[in-house]
Every structure is written in C-alpha cells, then in structure tokens.
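Single-letter residue listing:
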Amino acid sequence: MPNDQPVRYDRHGEIAVITVANPPVNALGLAVRQGLWAAMDRFDADDARIAVIVGEGALFLGGADIREFGKPPVAPHLPDVCDRIEAAVKPVIAAVHGPALGGGCEVALGAHYRLAVTGARFGFPEVHLGLIPGAGGSQRMPRLTGVAPALEMMCSGAPISAPRALEIGLIDRVAEGDPRKAGIAYAGELLAEGAGVRRTGALPCPTHDAAAFAEARAAWAKKAKGQVAPLVAIDAVEAATRMDLAEGIKEERRLFLDLMQTPQRAGMIHAFFNDRKVSKLPELQGISPRPLDRIGVIGGGTMGAGIATACLLAGLPVTLIERDAASADKARATITGNLDAAVKRGKLKDAAATLSGLSTATDYAALSDVDLVIEAVFEDMGVKKEVFTQLDAVLKPGAILATNTSYLDVTEIAAATSRPQDVIGLHFFSPAHVMKLLEVVVPETTAKDVTATAFALAKRLKKTAVKAGVCDGFIGNRILATYRGAADRMILGGATPWEIDAAIKDFGLPMGPFEMGDLAGLDIGFMTRARKAATRDPRDIVPIWADEMYHKGWLGQKTGQGYYTYEGRKGTPNEAVMPLIETAREGRPQQAFTPEMIQRRYMAAMVNEAAKVVGEGIAARPLDVDVTLLYGYGFPRWRGGPMLWADTEGLPGLLADIQGWAKDDPYFWQPAPLLEQLVAEGRTFSDLNEATS
Ligand code: T1G
C-alpha cells in the first residue's frame, strides 16, 4: 500500500504487518476502517500465515473518530470491522503500545491474540463522552475477563496498565520495546506452535451474577450521579451473559445508538473538545514561552503552600518566601502534609523526594534566579504592591511576576512595578494542588510570551488554564456572585435555602449555594459584601439575614451552624435561620418555587452574567466560560457547560424569561447585550465559539 495511506500492509516473511498511521491519535475514522477491511481481505487472500496489527506513532489506536459523532454513520462500521478481523481465517495479533482506547481496545479484542509492550494502557473512556463501547467491547471483554473487570473499566472509563490487562486475561503477553518487533516475534512463536485462530466471540457467555449487577448499578448510580452512560454500560455487559455474540453486539449497538442521541453525549463531547480548544488562543499562536525551571512563591498560607505543592508535584523546584523562619517552617509542614496526602491518594510515590525540591527563605534575595514568582499573600492591594515592589528589585530581567489574587485589579498591581509587561494574574482555586482550574488574568500591558508561559505552566501542572480579562472576580467568581444573587432573591421571594440547594443538586451541581456557603465559611460572603458596600448600586439587594447570621457567629461548617447545623459533616436544615429570613422578606411579594423554577432562574442568571463576561471580552469565547464552570465550580460535565445548556434550552426563551423578570427587578435582570444580539441574529453561543476559534 502506498505510504500515504492510513493503513499500510507489508510482509515480514510469512507474517503480514498491518500498520495504522492516522496521526495524531490513529483515530478509527472512515478511511482507517476501510483500510483495515481491505487489509483483512488481502490477508485472507495472500499466503501470509499470520498477521500483526500495530499503530504508528505514540500509540496503538485512540478509538473511534469523535468528530464523526452526531453525523450519519458510514460503513464499514467499527463493530463490523472488529467482526471482520475476528472472522479472519488465519491468526491475527494486536501488538499494542501506548493507549488502546475505546474502539482501539475493541480492535484488539477482535484480534485472536493480544500483546502489549510496557507502557501500553487499555481503556473504555466512552462513558466520559456519554457513550458506551459500541464495537463489541462490552461483549468480548467479559468473555475473556469475566464480568467484574469489564464493569469496572466500562463504568469508570479509567484505563488499566499492561500488567493489569495481563492479570485479568484481557491480553496474552507483555513484552518490551518496539511493538512491531515484539508482535513479529510473538507471531513467530505462534506459528512455531501451530497456533490457529482463536475467536473471543466463540467463547461461552460470562457467568451472570445477579448480585454483582445489582451492586454495580447501586454503586454507579451514586458515583456517576445524573449520568446515564455508566448504567447503560452495565446493561450491555449483562447482555453478554445471556446472548451469543451476534445478538449481544446487536443489543450493544442498540444501546449505543440510543446514547448517541442524548444531550449528555452532546455535552460531554462539547467538553472533550473544549478541553483542547481553551488553550488554543489565536493571539498566542507561534509565541514561545519563557523558561520555566525554577519557581518562587511568596506566602506560605493555604494558597501559597498549595501552589508550591502543585509545582513540586510537577517536578518544579520551588523557593518559598515567608516573613520569618517560624512561618516558613509552618509552610513546609503544610506542604509536607499535602504531599503525604497525595501519597495516600495514590497520586505520589515518594513524598520526601518531591519535598527535596522545596527551599524556604525569609529574604527576597533568594529569588534572584527564579523564572517565575507567584505571590499569594493577604488580599489587600497595599500589601500586594509592597510585595511587587520588592520583587521588582530582586528578580532577574525576564522573570515573570504573577499574583494569585482572586479579585484585585492586576493592571494596578502591574503598574506598581518597572516591568508591567512581565506581570500577570494566576488565579488558583483552593486546594491549589488539587483543583484543575487556573484563571490566567491578563492585563492589557502583559507581554504575549508571558501569557504563553502561564499556559505552559498550567500544562506542566496538569491544570486547565482559561484566559481572563481584568475585572472584579474575573470569569468564575464574577458569574458566581450573580447566580448567588439570584438565589438570595429567591429567598426574599419565598423559597427556602434548603429548597434551593435541593433543586440545584437535582440539576447536577455537587452542592447548592447555601451548602457551598457553609463549606467555604459565611464570613467570606460577609467580607465580600463589606468590600463592595461602598460601590454597591442602590437598586441591589443585601441579604441582611446573612449579615445577621455572621453577627451571630453562624459561619457554617467551621462553627457547626450556618444554613445547616452540623454533626460532623452531615448537615441538617437550621430552622433558626427562618425568622431572620422572614424579617428580610417583610413587604415583599411571596410565591412558591418549584425545583424547575429555581433551576431556571439560577441558570438564567448564570448565563446572563456569562454573556456579559463574554461580551465585555473578559472571557474570549463562550467555551471559556463553560470550561471555567466545569473545572472550578462543579458544573456537571455531562451538561457540557452553562453556555451549551443555554443553547440547548434556546436563547430566545431564556431572554424572554429574563425580560419578564426584569419588569420587577430591572437592575438584577438587565439582559446581556450579547444575549440580545445573538437572539436578534438567530445565533447561538456555539456559533460564537466557531466564529472566534
Ligand atoms: N477522535 C477524534 N479526534 C481525537 C480523538 C478521537 N478519538 N482523540 C484525540 N483527538 C484529537 C484531539 O481533539 C486533538 O485535536 C488531537 O487529537 C490530540 O489529542 C466505538 C464509540 C488518545 C490519550 O475517548 O484520550 O471509540 O486539538 O491533545 O494528549 O466503542 O487524545 O490537535 O485539533 O488529547 O497525546 C474513545 C480520546 C472514542 C480517546 C492522546 N476514545 N482521546 O492524548 O493528544 S469513542 C477516546 C484521548 C469510541 C467505540 C467508541 C487522547 C489520547 P487538536 P490530545 P494526547
């Protein structure tokens, strides 16, 4: 086959080698499926005695081509290609390196023998796309491994290593080195043994254990709350216990195609591609980041220690500055605790080795050779300017000065230095070594390669970076303030905190706004309101009951009483809050709120503010808001994000609701100009993503 084909066929003596070469991930798009089918026809027809299928590049096969989803499927379909491989009249080996995911794993299961080289991993990530394996995986895998490992892999979507695959019987051999060479060697052995075809599909149905399926359904309904695909995966595996392969594959296909039509599939694929688009900013194309070999952190409190931990976990040496030795020691202890917890979570092997990358100091001179410093001191503009003045004096030319502020004006901080072009905001979310979101806050004065370096740091830290403009709260906290405000207005209008929390959890967020307040501490909300009091619009409302709660010392979980009373972490509605709420409601019209009404208002407020954030250029595209809410605020991934939710609901209806509510509260429900524009033009937020990508 000519070299530019996505599937090549060549011979190594009696062995046919079938190579899939479809960069970047050897996705099983139409041309690859056609190529595999043709290669199997050729293999059956020629005098090769055995075939080896390998992937070219960094991996075996990355699965079905996700870009084809939502379009009419074109034959040969992947399940038919896997059947075609299995039906070969001579033995076929899959020689796997790197990921064999989804359809990639299914092609390997269609082969008669499976070899993996060290470092290979096998997985069924379809549930992360709102789907299930759709090319025989749910039928063939349990025939090899039994039901339990198949349920775990298909419901969790988590990959397994080559040794684990060998242990459960998914593969036959683990080898070292080049997959083509290892595959050819294995083929030689099999020929010498006179091994013939060995069709997985011909194996007996796996044993049906009703208790195991009931247990899996209960467990995954909880672990994957709100998600449909994991439970459907269980149905598909259960079909394998009572149907022959052909029937089972038909049933799997039926379940798969049903899921293909669901909003959850659309939401999770939207999220999948956004994860990759969010760091692709036109203005950064071709801009190289600056060196990132040594990091400085100023302040060893919760955030500073968390940021230092994140850098150490990424293998970046850190110099942490505190005001005195005792504080530096305390920071070291916090970081040590973070690393020990990472070991307990199985995220780290050797805490001591990782900790050896940390040095602490009390003198800024220790930062003279760092490439990037992240300031994480008290949220006060004066204190921050003092820190940046000192940094400006000691850092080498070209070093980057970053602030972790969560709302202060980064442009103003930059202007306090002689090098505003080297100043940027890196807003981490607590705990900084766990939360994936990083808001990269970019003043107009910041150099492009500084922004590029911030995104490079995020990648090093395995975080998802989103570019934000400078405003109070940037993207996430600004939108949060608004949908929290919608919740407060519903309290004043007759809803209880507990009704709102329940409705928002039913929508799919892990917590409602009042549970979240209790967790974070109600003093934070009080201080934010106090900070904004001087500039508050007189038409705005103040949740005076919340101020009362603060003055009573009801701060939430940390004091055992807030909107809930706590025995340990379990919360019970705190009815003592109601008299405070009733006082605040005096003179206001009251109504009953259904969960749907609560969800609609809460989400409309979120989307309306998000449209303002995009319209003002604080977020570059609607997708940046979706990614922010997914990674920083617990928005359910299976909904894709608030902007996709709005498109799915329909922008005209949302705008009409907002305009209706604006009649009673014109200040809060001021429609976003961008929302009005899109409705007038008949466009959606997704259209805007396309236009700006
Ligand atoms: N289809 C189409 N494009 C894909 C793709 C896929 N399966 N996987 C990755 N890409 C694109 C990605 O968008 C990016 O594009 C580029 O490739 C590099 O990706 C029937 C139905 C394989 C571990 O879910 O996990 O099989 O941004 O940056 O870090 O049962 O990609 O450059 O334009 O992620 O080296 C199941 C998803 C599909 C695997 C490689 N498979 N992909 O990671 O590269 S459903 C998956 C990954 C299925 C069957 C079912 C990773 C990777 P761009 P990347 P990477």
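Residues numbered from 1 in each chain as written. Predicted model: local features only at pLDDT ≥ 70, side-chain atom pairs only at ≥ 80, totals over all residues. Heavy atoms only, no water.

Looking at the packing of aromatic side chains
Evaluated as defined, the whole model comprises eleven aromatic pairs. Ring plane angle 55° and centroid distance 4.7 Å describe the contact between F514 and Y563, whose orientation is recorded as tilted. A residue pair is termed long-range when its members are at least 10 positions apart, and F514 in helix α20 (residues 513-520) and Y563 in the loop between α22 (544-551) and β18 (564-567) qualify at 49 residues. Residue F514 is classed as buried on the basis of its relative accessible area, which comes to 0%. Relative accessible area serves as the criterion here: at 2%, Y563 is assigned to the buried category. Aromatic side chains F668 and W669 sit 4.9 Å apart centroid to centroid with 90° between the ring planes, which places their arrangement in the edge-to-face category. (Phe/Tyr/Trp six-rings, centres within 6.5 Å; stacked < 30°, edge-to-face > 60°. Helix = DSSP H or I, 4+ residues; strand = E, 2+ residues; numbered from the N terminus. Buried < 20%, exposed > 50% of the residue type's maximum accessible area, 1.4 Å probe, protein only.)

Focus on the site of the ligand
Around the ligand lies a shell of 26 residues, among which A64, E106, E126, G134 and K280 are the nearest. In this structure, E126 approaches the ligand through a side-chain N or O atom, which is 2.8 Å from an oxygen atom. K280 places a polar side-chain atom, nitrogen or oxygen, 2.8 Å from an oxygen atom of the ligand. In isolation the ligand exposes 1,000 Å². Once the protein is present, 72% of that is buried. Elements that contribute at least two residues to the shell around the ligand include exactly α3 (103-110) and α11 (263-277). (Near = heavy atom within 4 Å. Polar contact = N/O pair within 3.5 Å; in protein donor to acceptor, adjacent residues only side chain to side chain. Areas by Shrake-Rupley, 256 points an atom, 1.4 Å probe, with all protein chains shown as cover.)

Overview of the packing of helix α5 (residues 147-156) against helix α9 (residues 229-240)
Relative to each other, α5 and α9 sit at 150°, their axes nearing to 9 Å. With respect to each other, α5 and α9 are oriented roughly antiparallel. Helix-helix and strand crossings are classified by hand; for α5 and α9 the assignment is right-handed. Residues V147, L151, M154 and C155 of α5 pack against P230, A233, I234 and V237 of α9. Considering only residue class, the contact of α5 with α9 consists of eight nonpolar, no polar and no charged. (Axes fitted to C-alpha atoms, helices over the stretch in contact; angles between N-to-C directions. Parallel < 35°, antiparallel > 145°, perpendicular 65-115°, else oblique. Left-handed = near helix turned anticlockwise from the far one by under 90°. Contact = heavy atoms within 4.5 Å. Nonpolar A, V, L, I, M, F, W, Y, C, P; charged D, E, K, R; others polar.)

So, the UniProt feature "domain: 3-hydroxyacyl-CoA dehydrogenase NAD binding" (unreviewed entry) in the chain
When the UniProt feature table is mapped onto this chain numbering, "domain: 3-hydroxyacyl-CoA dehydrogenase NAD binding" (unreviewed entry) sits at residues 295-468. Annotated as 40% helix and 21% strand, the span residues 295-468 places its first and last C-alpha atoms 22 Å apart. (UniProt positions renumbered as here; feature names shortened; annotations may be inferred.)

Points about the sheet that holds strand β2 (residues 15-20)
Pairing within the open sheet is mixed, and its six strands lie in the order β1-β2-β3-β4-β6-β9. Edge positions in the sheet fall to β1 (7-12) and β9 (173-175), since each of these pairs with one other strand and no more. Between one strand axis and the next, the sheet turns by 25° as a mean value, whatever way the strands run. Taken together, the four bridges between strand β4 (residues 92-96) and strand β6 (residues 113-117) define a ladder with parallel strand orientation. Bridge assignment links A95 to a residue of β6, and that residue is L115. Relative to β1, helix α1 (residues 30-45) is tilted by about 30°, and along the sheet it contacts β1, β2, β3 (50-55) and β4. (Pairing = 2+ DSSP bridges.)

Side note on helix α25 (residues 622-632)
Taken across its eleven residues, α25 has eleven buried, putting it largely inside the fold. Directly after α25, the chain includes G634, whose backbone phi takes a positive value near 70°.

Thoughts on the environment of A530
Locating A530 in the fold gives a position in helix α21 (residues 522-533). Accessibility expressed as a relative area gives 48% for A530, which makes it partly exposed. Sequence separation of A530 and A38 is 492 residues, and the distance between their C-alpha atoms is 71 Å.

Here we look at the environment of G553
By the secondary structure assignment, G553 is in the loop between α22 and β18. Sequence separation between G553 and L522 is 31 residues; the distance between their C-alpha atoms is 9.1 Å.

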